[in-house]
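Survey of secondary and tertiary structure
Here is what each chain is made of, one letter per residue.
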Amino acid sequence: MRKIIFLLLFWNCTSTIYSQADKVTIDQNKSGFKLKVNGQDFIVNGMNWDYFPIGKNYTYILWEQPEEMIKKALDNEMPLLKNMGVNTIRVYTGIPKKWIEYIYNKYGIYTMLNHSFGRYGLLINGAWVANTEYSNPSTRELLLKEVKQLASDYKNTKGLLLFLLGNENNYGLFWEGAETENIPVQDRKSTARAQGLYQLLNESAVVMKTIDNSHPIAICNGDLLFLDLIAKECPDVDVFGINVYRGISFGNMFERVKKEYAKPILFTEFGSDAFNAITNNEDQNAQATILKGNWQEIYENAAGVGKSGNCIGGFTFQFSDGWWKTGQTINLDIHDTSASWGNGGYIFDFKKGKNNMNEEWFGICAKRPTTENGMYELQPRSAYYILKKVHQLNPYTNSNSLEKLKNNFDKIKVIETSK
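Residues numbered from 1 in each chain as written. Predicted model: local features only at pLDDT ≥ 70, side-chain atom pairs only at ≥ 80, totals over all residues. Heavy atoms only, no water.

Relative to each other, helix 8 (residues 284-300) and helix 9 (residues 382-390) sit at 20°, their axes nearing to 8 Å. Relative to helix 9, the element helix 8 lies roughly parallel. Handedness of the helix 8/helix 9 crossing: right-handed. Between helix 8 and helix 9, the contacting residues are Q284, Q287, A288, L291, K292, W295 and Y299 on the first element and S382, A383, I386, L387 and V390 on the second. Residues of the contact of helix 8 with helix 9, tallied by class, amount to eight nonpolar, three polar and one charged. (Axes fitted to C-alpha atoms, helices over the stretch in contact; angles between N-to-C directions. Helix = DSSP H or I, 4+ residues; strand = E, 2+ residues; numbered from the N terminus. Parallel < 35°, antiparallel > 145°, perpendicular 65-115°, else oblique. Left-handed = near helix turned anticlockwise from the far one by under 90°. Contact = heavy atoms within 4.5 Å. Nonpolar A, V, L, I, M, F, W, Y, C, P; charged D, E, K, R; others polar.)

Time to look at the sheet that holds strand 4 (residues 44-48). Ordered by their spatial adjacency, eight strands build a closed barrel running 4-5-6-9-10-11-12-15, and the pairing between neighbours is parallel. Between one strand axis and the next, the sheet turns by 30° as a mean value, whatever way the strands run. Bridge count for strand 11 (residues 239-243) against strand 12 (residues 265-270) is four bridges, and the pairing is parallel. Bridge assignment links N243 to a residue of strand 12, and that residue is E269. The sheet contacts of helix 5 (residues 189-211) involve strand 9 (160-165) and strand 10 (217-222), and relative to strand 10 the element is tilted by about 160°. (Pairing = 2+ DSSP bridges.)

Before going further, it helps to examine helix 4 (residues 137-154). Relative to the 26 Å expected for 18 residues at 1.5 Å per residue, helix 4 spans 26 Å between its end C-alpha atoms, a close match to the ideal helical length. Within the span of helix 4, buried status applies to T139, L143, L144, V147, L150, A151 and Y154. Projected down its long axis, helix 4 carries its buried residues within an arc of 125°, all on one side. In helix 4, the exposed positions that point more than 90 degrees away from the buried face belong to P137, E141 and K145. Put simply, N136 is the residue that caps the front of helix 4, since its side-chain oxygen is 2.9 Å from the backbone nitrogen of S138. (Expected span 1.5 Å × (residues − 1). Buried < 20%, exposed > 50% of the residue type's maximum accessible area, 1.4 Å probe, protein only. Arc of directions from axis to C-beta. Polar contact = N/O pair within 3.5 Å; in protein donor to acceptor, adjacent residues only side chain to side chain.)

What follows deals with the layout of surface pockets. Considering only enclosed or pocket space, the largest pocket measures out at about 1500 Å³ in volume. Lining the largest pocket are 39 residues, and of these F52, Y58, Y92, Y120 and W324 sit closest to its centre. Listed by contribution, the elements that provide at least two residues to the lining of the largest pocket are strand 5 (88-92) and helix 4. It is strand 5 that contributes the most residues to the lining of the largest pocket, three residues altogether. The residue inventory of the lining of the largest pocket, partitioned by class, reads 21 nonpolar, 10 polar and eight charged. (1 Å grid on protein atoms, 1.4 Å probe; cavity = no way out; pocket = protein on both sides within 12 Å on 5 of 7 lines; lining within 4 Å. Points joined across faces, edges and corners; volume = space filled by probe spheres on them.)

Tracing the backbone through its elements, the reader meets R90 in strand 5. Residues R90 and I415, 325 residues apart in the sequence, show an inter-C-alpha distance of 28 Å. Side-chain polar atoms of R90 contact the side chain of E269, separated by 3.3 Å.

Turning to helix 2 (residues 67-84), a few remarks are in order. Under the 1.5 Å per step criterion, the end-to-end length of helix 2 is 26 Å for 18 residues, consistent within 8% with the ideal 26 Å. Along helix 2, the residues classified as buried are M69, I70, A73, L74, E77, M78, L81 and M84. Lining the buried residues of helix 2 we find strand 4, strand 5, helix 3 (97-107), strand 17 (378-380) and helix 9. In the segment just after helix 2, G85 is the residue with positive phi, at about 95°.

Let us now look at the pattern of salt bridges. This model, assessed by the stated rule, comprises 15 salt bridges. Between K106 and D75 there is a salt bridge; the shortest N-O distance is 3.3 Å. Here the residue K106 occupies a position in helix 3, and D75 occupies one in helix 2, the gap between them amounting to 31 residues. One network of salt bridges, in which partners are shared, links K34, K36 and D41. (Salt bridge = Lys/Arg side-chain N within 4 Å of Asp/Glu carboxyl O.)

Bringing the nonpolar core into the picture now. W49 and F267 are the most contacted members of the largest nonpolar core, which totals 94 residues. In this structure, W49 is in contact with L62, W63, L74, E77, M78, L81, I89, R90, V91 and F319, ignoring residues within four places of it in sequence. Among the nonpolar cores identified, the runner-up in size contains 18 residues, and V24, M112, L161 and V239 belong to it. (Core = buried A, V, L, I, M, F, W, Y, C linked by side-chain atoms within 4.5 Å.)

With the rule as written, the count across this model stands at 25 aromatic pairs. Between W49 and W63, the ring centres sit 6.3 Å apart and the planes meet at 50°, which makes this aromatic pair tilted. Of this pair, W49 sits in the loop between strand 4 and helix 2 while W63 sits in the loop between strand 4 and helix 2, and the two are 14 residues apart along the sequence. Given a relative accessible area of 5%, W49 falls into the buried group. Seen from the ring of Y396, K34 lies directly overhead, with NZ or CZ sitting 4.6 Å from the centre. (Phe/Tyr/Trp six-rings, centres within 6.5 Å; stacked < 30°, edge-to-face > 60°. Lys NZ or Arg CZ within 6 Å of the ring centre and 35° of its normal.)

So, in structure tokens, the structure goes:
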């Protein structure tokens, strides 16, 4: 009997050890920053992932569907991601712990868990507040409570890579209207509001790390806006996450962050639409070309390669088209081709004074019609196959160098795929 009890205790202990979360750390040395999982180098080959059938919008929640459907959705899409070389997905809070573990245990794909941090409003004391004021005591109390609960609920989750707070919340500070350039930066309302935002982000990181010291805490900023404030107010944040849409090159981003903030960079969003606003046709070549250029810079700026050494990876935006994004509540069954904003970095279809960014066409995969059971199939675009080749490269190999990396990228040719 004693032997049986001992074996049961041993089995329980080893099962607990096996299911424990990985130890994820940030390592810094003279070559730069690296993310490490259980002591092993880890470059984030990430993807912004969600699941919205055609005809649905942001109110649709996959995790509220029948378990059989959730599993089928994951089993349809995760193999495509794994085949592509994606090792991490970005997912917003709401995903149950068991599905993070399911994705990891079955497909080896990690999750970056993203708390929006009041980006789209908050329910405070029973009333909906559309525009978050981060210095407000009630707002502070609510968000600190939520992130503490988040860290507590997910700290032992197998397959969790790191936490991400926010989604370019700095852009939401301008809701009162554009501020004229002749107002000094320090006197602008948005600057005062930004200070409250970044102070609270830092306080949240500190609190979360008292609960979970095995997963880094990243923030998500819109480009480099307020970088000086971030450097001042966010010393305890582990990773500087940024959403960046600059076209084929990130420009001086790596050098500026290295000089002004000295934290590792993680691109939480970047990419290109697959629609040409000038020809009014799908343009897979342009999308693939831009993403290839983006990833080349990400790898070139990884530790030890030869440039800034402060980039730990990125999350391509996004895995499949969002047919709801232009109207959000209308025309959900129509793949809208109207461009909603202009960006000169995307020279393939930029014309001064004209919009050229098509929100509903950022997918690495095109979306097929929704079936009777609420599912859909994906059709990979040219970018899918380019990124599959890109993610076969490893910037951390001992023999790597800028020259070898460039030669490897030069061998990757963009070839249009048929729809």
